[in-house]
Amino acid sequence: MSKYRRRRYCRHSYRHPQVWTIVAAVLIAVALYVVENYGGNGFVPSWDQIYQWVGLEPSQSETTAPLPEGETEVVFLDVGQGDAVLILQNGAACLIDAGPKDARQNLVQDLRSYGVSQLDLLVMTHPHADHVGGMQAVLQNFDVQTLLTPDLSETDVTGQTQRTLQTAQECGVPVETAYTGQQYTIGTGTLTVLLPGVDADTAGSDDAINDMSLCLRFEAGNFTFLDTGDAERNEEAALAEQYPFRLRSTVFKAGHHGSSTSNTQTLLWQVQPQLVVASCGLNNDYGHPHREVIQEMQDEGIDFYRTDLYGTVTVTAQADGSFTVQTAKQPDEELAPAA
């Protein structure tokens, strides 16, 4: 009897090393993944820091690939209460949204002042007038290669959106419907559609249209820029769930002009932006950007700019991820933040 017990005990004891080996392998894999995707941010060390701690130098095989040439400019054009973001990279140009109709003439002039004669890509994040109002003028004044839109097949397309699509057809501009993972080359950078909108319970409402917003990420070397249009909490949650480790971006355009119905803490934690810009109009009727969003940026130590106070905000970035910021004006200290 004692021998039988001893055999059972011995067989059981041999399983422990196998179990702990598997556990250790899983933990190591998770640690490697976290360092690779989050290294150098917050409490997560980068590979260079780890090498320094253990007294090693990275080998040639572990160094990063050569970075692409050319600066990237991300220009948050001052179009009042609306969005218009210009990306310039190595001679190529992409415009994300085109502001409201009353800003269309200034928008055309601003694009020309940045040397734009051709747009490799024109993007409609969603069919709201403060994002598509100037698109007809853009199509008529510039050589647009492609117009990218969300899926409008189940949307009542009227007004500025309808005129934009008609003008694109008249000008012979191809119109493409966005899908997840779709990519466009802009210079030596890449624009990726992370999410082409989500279905909302409130069909036909403004919130539902906001949640049609294309969520886009531009990458050139180590510089990254995230634009979520007017995506609300519902779409932000879907974006964060689908890309739990791939949203980190150098610059983030504040969602929905800095509204408290967007810009959730969960999304900001995953993006970890160094700079956030809110595109909004001075003394706008919506109170954008909302105080709680401004406070969140301050609490997180994120540099925050807004076009209503600073005018056009130009971010000039290098391929190593470094960047500088230039603004059209300095804010009047007497101008209080929106409510």
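Quick caveat, the model's predicted, so the values are computed rather than measured.

Analysis parameters
Residues numbered from 1 in each chain as written. Predicted model: local features only at pLDDT ≥ 70, side-chain atom pairs only at ≥ 80, totals over all residues. Heavy atoms only, no water. Core = buried A, V, L, I, M, F, W, Y, C linked by side-chain atoms within 4.5 Å. Buried < 20%, exposed > 50% of the residue type's maximum accessible area, 1.4 Å probe, protein only. Helix = DSSP H or I, 4+ residues; strand = E, 2+ residues; numbered from the N terminus. Contact = heavy atoms within 4.5 Å. Pairing = 2+ DSSP bridges. Axes fitted to C-alpha atoms, helices over the stretch in contact; angles between N-to-C directions. Arc of directions from axis to C-beta. Phe/Tyr/Trp six-rings, centres within 6.5 Å; stacked < 30°, edge-to-face > 60°. Lys NZ or Arg CZ within 6 Å of the ring centre and 35° of its normal.

Caption draft 1: Molecular detail of the nonpolar core. Counting residues in hydrophobic clusters, the biggest one holds 30 residues, and the most contacted among them are L77, L86, L95, L111 and V138. Only β2 (85–89), β3 (92–96), α4 (104–113) and α6 (135–141) provide two or more residues apiece to this core. Per-element accounting of this core gives the leading share, four residues, to α6. Those residues in contact with L86 that lie beyond four places of it in its chain are E73, V74, V75, L77, A93, C94, L95, L111, Y114, V116 and L119.

Caption draft 2: Main features of the sheet that holds strand β13 (residues 251–253). Judged by pairing direction, the sheet is mixed, and its seven strands sit side by side in the order β9-β10-β11-β12-β13-β14-β15 without closing on themselves. Each of the sheet's edge strands pairs with one partner strand only, and the pair in question is β9 (183–186) and β15 (303–306). Sheet twist, expressed as the average angle between the axes of neighbouring strands with direction ignored, equals 20 degrees. As paired strands, strand β14 (residues 275–278) and β15 are joined by four bridges and run parallel to one another. Paired with L275 across the two strands is D303, which belongs to β15. Running at roughly 115 degrees to strand β10 (residues 189–195), helix α9 (residues 233–242) makes contact with β10 and β11 (215–220) of the sheet.

Caption draft 3: Focus on helix α11 (residues 291–300). Burial in α11 covers these residues: V293, I294, E296 and M297. Projection of α11 onto a plane perpendicular to its axis shows the buried side chains occupying an angular sector of 155 degrees, all on one side. In α11, the exposed positions that point more than 90 degrees away from the buried face belong to Q298 and D299. Buried residues along α11 sit against α10 (265–271), β14 and β15. Directly after α11, the chain includes G301, whose backbone phi takes a positive value near 70 degrees.

Caption draft 4: Local environment of the packing of aromatic side chains. Counted according to the given criterion, the structure contains two aromatic pairs. A centroid spacing of 5.7 Å and a plane angle of 85 degrees characterise the contact between F76 and F225, whose relative ring orientation is edge-to-face. Taken together, the residues F76 in strand β1 (residues 72–76) and F225 in strand β12 (residues 223–227) connect sequence positions 149 residues apart. Since its relative accessible area comes to 1%, F225 is described here as buried. Directly above the aromatic system of F142 lies the positively charged group of R112, at a separation of 5.7 Å from the ring centroid.

Caption draft 5: Region of interest: the side chain of Q160. As for its position among the elements, Q160 is in helix α7 (residues 159–170). By relative accessible area, Q160 is classed as buried at 11%. Non-local contacts of Q160, meaning those with residues more than four positions away in its chain, are made with K101, V132, G133 and Q136.

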